[in-house]
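Architecture and fold: a report
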Amino acid sequence: MGAEELHPSAQRVVEALRARGVKGPFREFVVPTKTAADAAAALGCDVGAIASTLIFVVDDEPVVVLKSGAFRVDVELLGQHAGATSVRQASPDEVRVATGQAIGGGSPGGWPQQPHTFIDESRAQYEHVWAACGTPNAVFCTSYDELVSLTGATAISLHPS
C-alpha cells in the first residue's frame, strides 16, 4: 500500500517523517498490528525487530522509550538512567498530549514537541527495524541509526543483563 493510501493519522506521521528524511517503506495492514507480536507476524520478522514506542512520566515530564518488542522495560532501570525519583507509564491522555498519537500506534516521530527519548541499545543489532506509524495498523521500516538521528535518543540498556 502506498503512503498516499494510508489512514489520515498515519499519513500525517508519514509526512512528518519524510520531512525529516525517512524513506520507509511505509505499510498499512488490514489486520491490527497493535502489539509487537502482531506486527512481527504481519511483517514476517523477528519480534525483536519491532521498535515499540512507549511513553513514561519521569519526574512529571513525558519521556519516550524506544524498546525491543521482545521484552518489557525495566522501569527501575529506566529511572536509574534518567536520574529520576519517580517513573510510571503514561496514561492514554498523557500519551496523546506528548506525541499527538494514540497508544498502540505511537510512532517515534511526528510529535508536536520533542520529549527526551531513550533507545534501547539492543535495537542496533537489527539492520531493519519496524516501528508504528501513527495508527495500530501502520508501520515503517527504519534503522537504529535513523531512529537515533530522528529522535535525538540517548542509547541505554533498558533490561537487566
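Fair warning: this is a prediction, and the values are worked out from it, not measured in the lab. (Residues numbered from 1 in each chain as written. Predicted model: local features only at pLDDT ≥ 70, side-chain atom pairs only at ≥ 80, totals over all residues. Heavy atoms only, no water.)

Things to note about the pattern of salt bridges
Evaluated as defined, the whole model comprises 1 salt bridge. For R88, the salt bridge is made with E94, and the minimal N-O distance between the two is 2.7 Å. A relative accessible area of 27% places E94 in the partly exposed class. (Salt bridge = Lys/Arg side-chain N within 4 Å of Asp/Glu carboxyl O. Buried < 20%, exposed > 50% of the residue type's maximum accessible area, 1.4 Å probe, protein only.)

Describing the nonpolar core
Formed by 26 residues in total, the largest nonpolar core has its most connected members in L17, F26, C133 and F140. Listing elements by their share of this core, those giving two or more residues are helix 1 (8–19), strand 2 (50–58), strand 3 (61–68), helix 4 (92–99), strand 6 (129–132), strand 7 (138–142) and helix 5 (144–151). Looking at this core, the element that brings in the most residues is helix 1, giving 4 residues. With residues near it in sequence (within four places) discarded, L17 still touches V22, F26, S107, G109, C133, F140 and L150. Within the second largest apolar cluster, 10 residues are counted, among which are V58, V73, F118 and L158. (Core = buried A, V, L, I, M, F, W, Y, C linked by side-chain atoms within 4.5 Å. Helix = DSSP H or I, 4+ residues; strand = E, 2+ residues; numbered from the N terminus. Contact = heavy atoms within 4.5 Å.)

Some thoughts on the state of the cysteines
According to the stated counting rule, one finds 0 disulfides in the structure shown. The thiol of C45 is unpaired, and the distance to the nearest cysteine sulfur, on C141, comes to 8.9 Å. Judged by its relative accessible area of 24%, C45 is partly exposed. C133 takes part in no disulfide bond, and the closest cysteine sulfur, belonging to C141, lies 12 Å away. Using a relative accessible area of 1% as the deciding quantity, one classes C133 as buried. (Disulfide = S-S within 2.5 Å.)

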